[in-house]
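Architecture at a glance
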Amino acid sequence: MDLRMDIVVEYFPYFMQGMGLTILMSVVGVLMGCILGFFIALGKMSSIFIVRLPFVWYINFLRGTPLLVQLFLFHYAVLPTVLGSTTAITSVMVTLSLNSSAYVAEIFRAGLQSIDKGQAEAAHSLGMNKFQVMRHVLLPQAFKRSIPPLGNEFIVLLKDSSLGAMIAAQEILYWGRAAAGQYLRVWEPYIMVALMYLVLTLSLTYLLNYLERRLDVK
Amino acid sequence: MISVKHLKKSFGKLEVLKDINAEIKQSEVVVVIGPSGSGKSTFLRCLNLIESITDGTVTIDGEVITDKSVDINKLRTEVGMVFQQFNLFPHKTVLQNITLPMITVRKWKKEEAEKKALQLLKKVGLEEKAGVYPDSLSGGQKQRVAIARALGMEPKIMLFDEPTSALDPEMVGEVLEVMKELAQEGMTMVVVTHEMGFAREVGDRVIFMDEGYIVEENEPQSLFQHPQHERTKAFLSKVL
């Protein structure tokens, strides 16, 4: 089998652009997912059933339906209706943010609930109010425990951003499909695509390992 | 100082406190003893509303804390609590453990809080540990820090929930020593403990609880030597 390196060389700048967009969409998805996920976690932990209910179903829906289906739903139906129009990139970012927020919410909830009950009791016994207990005692400890599962979630999210190619968001896989279509070759473009994702996920893995070690020192 | 009338507490269908009546005077050291499951910890936890009260009234320093309108957080600064499991904040240094509530609740300036915290650490003999994390302390040291942390709020009453039960035997003494000192300074204290020696030496009064009731209460000498009730006798014969 002969590999045509000229295809790789010709498309390399596009792959790099695609990589930039993949990173951008993933970072936005992760950040928004964390912010939203935090509030959803709090909502789902409410002791009032009626308050809890919408958060439970938000998570049920986003974890219980395929991401690709969510992407189509938002890109073709929800966002055009709500915003009037949408771009592929917007749709991917919105869908990734919402989807990851559901997973992140469960990570945060598990983290918060894993903190010994005595911590909150001690803080309350000193006169701290609910907000202060959360802010100074529970969250710092829960966040530290959430870092390993959050890292996994970020890696999954980064790979899932490839679904953006299905609605022509010009990320890595989009350019792979373009190259495959132009030259009617499958090996070079898709190996290239796979390698680029591998570079991204491995970099992220090492970054997260470093972060975990750093934060363990306190 | 503390007045408890017809206090009842249920967890679901399980009634843990059935009808508790007690008066605790200023500067009094009251030791609560009893078999496990007798409700003594729950009784203590009701006094600073860490456990919600099902029925009855509790008055602390003239304030009816069972009223809906009571400011729970303010009440808790007046009633310090020390736990069996220490419950120090592991992500904060010893000094920060003590200054955190001073800064967040009392709104003191950081320097002021640190100065006060160091004084308290000196009092419990741990000033050289100010900068370390709780992980590196022994159980006895952790409990002394926890006492210093509670004292930082300048409470009028201190509640101790089996403060030495999680400690290795050789560390019990150092914690009891700090508590004894506190009692001598005139702190009002309610202590749930299995340390009968402490009860006898430091306690002004001993309350014996069983099955959600106060069965008997008396001065330590009288209660230990002449228990009036069969259940008290049975319990004391096992622990003394």
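Residues numbered from 1 in each chain as written. Chains lettered and ligands numbered in written order. Predicted model: local features only at pLDDT ≥ 70, side-chain atom pairs only at ≥ 80, totals over all residues. Heavy atoms only, no water.

Where we set the bar: UniProt positions are given in the numbering used here, feature names are shortened, and annotations may be inferred rather than shown by experiment.
Under an unreviewed UniProt entry, the name given to chain B is Peptide ABC transporter ATP-binding protein, and the source organism is Gracilibacillus dipsosauri. Under Subcellular location (unreviewed entry), UniProt gives the following word-for-word description of chain B: "Cell membrane". Per its UniProt entry, chain B bears the Sequence similarities (unreviewed entry) comment "Belongs to the ABC transporter superfamily."

Chain A goes by Amino acid ABC transporter permease in an unreviewed UniProt entry, where it is assigned to Gracilibacillus dipsosauri. The Sequence similarities (unreviewed entry) comment attached to chain A in UniProt states, word for word, "Belongs to the binding-protein-dependent transport system permease family. HisMQ subfamily." As stated in UniProt under Subcellular location (unreviewed entry), the record for chain A gives "Cell membrane".

1. Describing the overall build of chain A
Note the cut-off: Strands are runs of DSSP state E lasting at least 2 residues, helices are runs of H or I lasting at least 4, and numbering of each runs from the N terminus. The classification of residues rests on relative accessible area computed with a 1.4 Å probe and restricted to protein chains. Under 20% of the type maximum is buried, over 50% is exposed, and intermediate values are partly exposed. Every residue pair with non-hydrogen atoms within 4.5 Å of one another is taken to be in contact.
When helices and strands are counted, chain A shows eight helices and zero strands. Each helix (α) and strand (β) of chain A, taken in turn from the N terminus, gives the series α-α-α-α-α-α-α-α. When its C-alpha atoms are laid out on the principal axes, chain A stretches across 70 × 45 × 25 Å. Considering chain A as a whole, with its 218 residues, one finds that 44% of them fall into the buried category. The contacts of chain A with a sequence gap of at least 6 include a subset with a gap of at least 24, amounting to 74%.

2. Considering the packing of helix 6 (residues 130–160) of chain A against helix 8 (residues 187–216) of chain A
Residues and elements named next belong to chain A. In plain terms, the rule: Helix axes use the C-alpha atoms of the stretch in contact, all axes being lines fitted to C-alpha atoms, and the angles between their N-to-C directions lie in the range 0 to 180 degrees. Geometric relationships in this document are graded by angle, where less than 35 degrees denotes roughly parallel, more than 145 denotes roughly antiparallel, 65 to 115 denotes roughly perpendicular, and other angles denote oblique. Amino acids outside the nonpolar list (Ala, Val, Leu, Ile, Met, Phe, Trp, Tyr, Cys, Pro) and the charged list (Asp, Glu, Lys, Arg) are all regarded as polar, and Gly is one of them.
For the pair helix 6 and helix 8, interaxial distance at closest approach is 10 Å and the crossing angle is 170°. As far as their axial angle goes, helix 8 and helix 6 are roughly antiparallel. On helix 8, the residues that touch Lys144, Ile147, Pro148, Gly151, Phe154, Ile155, Leu158 and Lys159 of helix 6 are Tyr197, Leu200, Thr201, Leu204, Thr205, Leu208, Glu212, Leu215 and Asp216. For the contact of helix 6 with helix 8, a count of residues per class yields 10 nonpolar, three polar and four charged.

3. Some details on the pairing of strand 2 (residues 14–24) of chain B
Residues and elements named next belong to chain B. Stated precisely, the cut-off is as follows: Two strands are counted as paired when DSSP detects at least two bridges linking them.
Relative to strand 2, strand 1 (residues 2–11) is paired through seven bridges, and the arrangement is antiparallel. In the sheet register, valine 4 faces strand 2, and the bridge partner there is alanine 22. The turn joining strand 1 and strand 2, which pair antiparallel and follow one another in sequence, is formed by two residues; a positive phi near 60° is taken by glycine 12.

4. Section: the sheet that holds strand 8 (residues 188–192) of chain B
Residue and element names in this part refer to chain B. Pairing is mixed across the open sheet formed by six strands, whose spatial order is 6-7-8-3-9-10. At either margin of the open sheet sits one strand with a lone partner, and together these are strand 6 (79–82) and strand 10 (213–218). The sheet shows a mean angle of 20° between the axes of neighbouring strands, direction not considered. Against the sheet, helix 5 (residues 139–151) engages strand 6 and strand 7 (157–161), with an angle of about 170° to strand 6.

5. Quick notes on a nonpolar patch on the surface
Residue and element names in this part refer to chain A. Filter applied, for reference: Like-charged residues within 9 Å of one another, or nonpolar side chains (Val, Leu, Ile, Met, Phe, Trp, Tyr) within 5 Å, are grouped into patches, provided each residue has over 30% relative accessible area and no salt bridge. Surface accessibility in these figures is a Shrake-Rupley result with a 1.4 Å probe; residues are shielded only by whichever protein chains are displayed. By definition here, a salt bridge exists when the distance from a side-chain nitrogen of Lys or Arg to a carboxyl oxygen of Asp or Glu is within 4 Å.
On the surface, a nonpolar cluster with roughly 1000 Å² of combined accessible area is contributed by Leu3, Met5, Val186, Trp187, Tyr190, Ile191, Leu195, Leu198, Leu202 and Tyr206. Considering each element in turn, the nonpolar patch owes the most residues, seven residues, to helix 8. Positionally, isoleucine 191 belongs in helix 8.

6. Examining the packing of aromatic side chains
The criterion, for reference: Centres within 6.5 Å make a pair out of two Phe, Tyr or Trp rings, where for Trp the six-membered ring is used; the pair is then stacked when the planes are under 30 degrees apart, edge-to-face when over 60, and tilted otherwise. As a reminder, the over-ring test applies to NZ of lysine and CZ of arginine, requiring each to be within 6 Å of the ring centre and within 35 degrees of the ring normal.
According to the stated counting rule, one finds eight aromatic pairs over all chains in the structure shown. Between the aromatic rings of tyrosine 11 of chain A and phenylalanine 15 of chain A, the centroid separation amounts to 6.4 Å while the plane-to-plane angle is 50°, which identifies the pairing as tilted. Taken together, the residues span about one helical turn, with tyrosine 11 of chain A and phenylalanine 15 of chain A both in helix 1 (residues 5–44) at a distance of four residues. Taken as a pair, tyrosine 11 of chain A and phenylalanine 15 of chain A share a single burial class, namely buried. Ring geometry for phenylalanine 38 of chain A versus phenylalanine 108 of chain A: centroids 6.4 Å apart, planes at 80°, classification edge-to-face. Residue phenylalanine 38 of chain A is found in helix 1, and its partner phenylalanine 108 of chain A is found in helix 4 (residues 88–113); the two are separated by 70 residues along the sequence. Here a set of aromatic residues connected by ring pairs shows up, and it is made of Tyr11, Tyr14, Phe15, Tyr174 and Trp175 of chain A. One Lys or Arg, lysine 9 of chain B, reaches over the ring of phenylalanine 11 of chain B and ends 4.8 Å from the middle of that ring. The residue whose ring lies beneath arginine 149 of chain B is phenylalanine 89 of chain B, and the NZ or CZ to ring-centre distance is 4.4 Å.

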